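A structural walkthrough
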Amino acid sequence: MKGTSPRFAVWLGTAAVLVHGAPLVLHGVAHAQLGIYLESVLANIYIGVVLYAAPVVAAWLLWTGRIRLGGWLLVGSMVGSLIFEGYHHFLAMSPDHVSQVPAGPWGDTFRVTAIVSVITEVLACAAGVVILSTDRREMRVQTTNEIPLE
């Protein structure tokens, strides 16, 4: 399948990371304002690594010419985020479930950002798939001393 240029892949992946990060940060603020914390240390490490750090590393990989690795990390982190947030916000009954959050501005922010985060994770997964569907020959980053074959 003929895909996109490396430059487009970099910008698409970066946009996906930024669009995903904005509601995620606001959601974290809502968690703090409502005093809703996950008690598991492992869950908090997972959040820090998979939801926050991995997408940023994926964007960095894209910018440094490691397009396929960045694309894979973007898809993996977004799938991991989607599963984690989908489970905790919409399936498991706990204080982290959207139906258990108290009413008010921060409760509304919590619910809206939980929904928007899931949407952005799906969109970022799609962006990663587009990046990975790019023809491998197009993904090579041309150095200044290479002579184009065309």
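First, a word on what this report is: a plain description of the structure on this page.

**Considering the environment of R7**
Its location among the elements puts R7 in helix α1 (residues 6-34). On the basis of relative accessible area, R7 is assigned to the exposed category, the value being 65%. For the pair formed by R7 and G65, sequence separation is 58 residues and the distance between their alpha carbons is 9.4 Å.

**Description of the pattern of salt bridges**
What the rule picks out here adds up to 1 salt bridge. Residue D108 pairs with R111 through a salt bridge whose shortest N-O separation is 3.0 Å. In this pair, D108 and R111 both sit in helix α4 (residues 105-132), 3 residues apart, roughly one turn of the helix. Overall, the relative accessible area of 41% leaves D108 in the partly exposed class. R111 sits in the partly exposed class, given a relative accessible area of 23%.

**As for helix α2 (residues 41-63)**
Between its first and last C-alpha atoms α2 spans 32 Å; for 23 residues at 1.5 Å apiece the expected length is 33 Å, and the two agree. Bending of α2 peaks at approximately 45 degrees at the position of A53, with proline P55 no more than four residues after it. Within the span of α2, buried status applies to A43, I47, V50, L51, A54, P55, A58, A59, L61 and L62. For α2, the secondary structure elements touched by its buried residues are α1, α3 (67-91) and α4. At the N-terminal boundary of α2, the capping side chain belongs to S40, with an oxygen 3.3 Å from the backbone nitrogen of L42. Just downstream of α2, G65 is the residue with a positive phi angle, here 90 degrees.

**Focus: the layout of surface pockets**
Here the idea is plain: a probe the size of a water molecule rolls over the atoms and shows the empty space left. Estimated volume of the second largest pocket: approximately 260 Å³. Lining the second largest pocket are 15 residues, with H27, G28, H31, I47 and Y52 sitting closest to its centre. Sorting the residues of the lining of the second largest pocket by element identifies α1, α2 and α3 as the ones contributing at least two each. Each residue belonging to the lining of the second largest pocket can be placed in one class, and the counts come to 8 nonpolar, 5 polar and 2 charged.

What counts, and at which threshold
- Residues numbered from 1 in each chain as written.
- Predicted model: local features only at pLDDT ≥ 70, side-chain atom pairs only at ≥ 80, totals over all residues.
- Heavy atoms only, no water.
- Helix = DSSP H or I, 4+ residues; strand = E, 2+ residues; numbered from the N terminus.
- Buried < 20%, exposed > 50% of the residue type's maximum accessible area, 1.4 Å probe, protein only.
- Salt bridge = Lys/Arg side-chain N within 4 Å of Asp/Glu carboxyl O.
- Expected span 1.5 Å × (residues − 1).
- Bend = angle between axes of the 7 residues up to and from the residue.
- Contact = heavy atoms within 4.5 Å.
- Polar contact = N/O pair within 3.5 Å; in protein donor to acceptor, adjacent residues only side chain to side chain.
- 1 Å grid on protein atoms, 1.4 Å probe; cavity = no way out; pocket = protein on both sides within 12 Å on 5 of 7 lines; lining within 4 Å.
- Points joined across faces, edges and corners; volume = space filled by probe spheres on them.
- Nonpolar A, V, L, I, M, F, W, Y, C, P; charged D, E, K, R; others polar.

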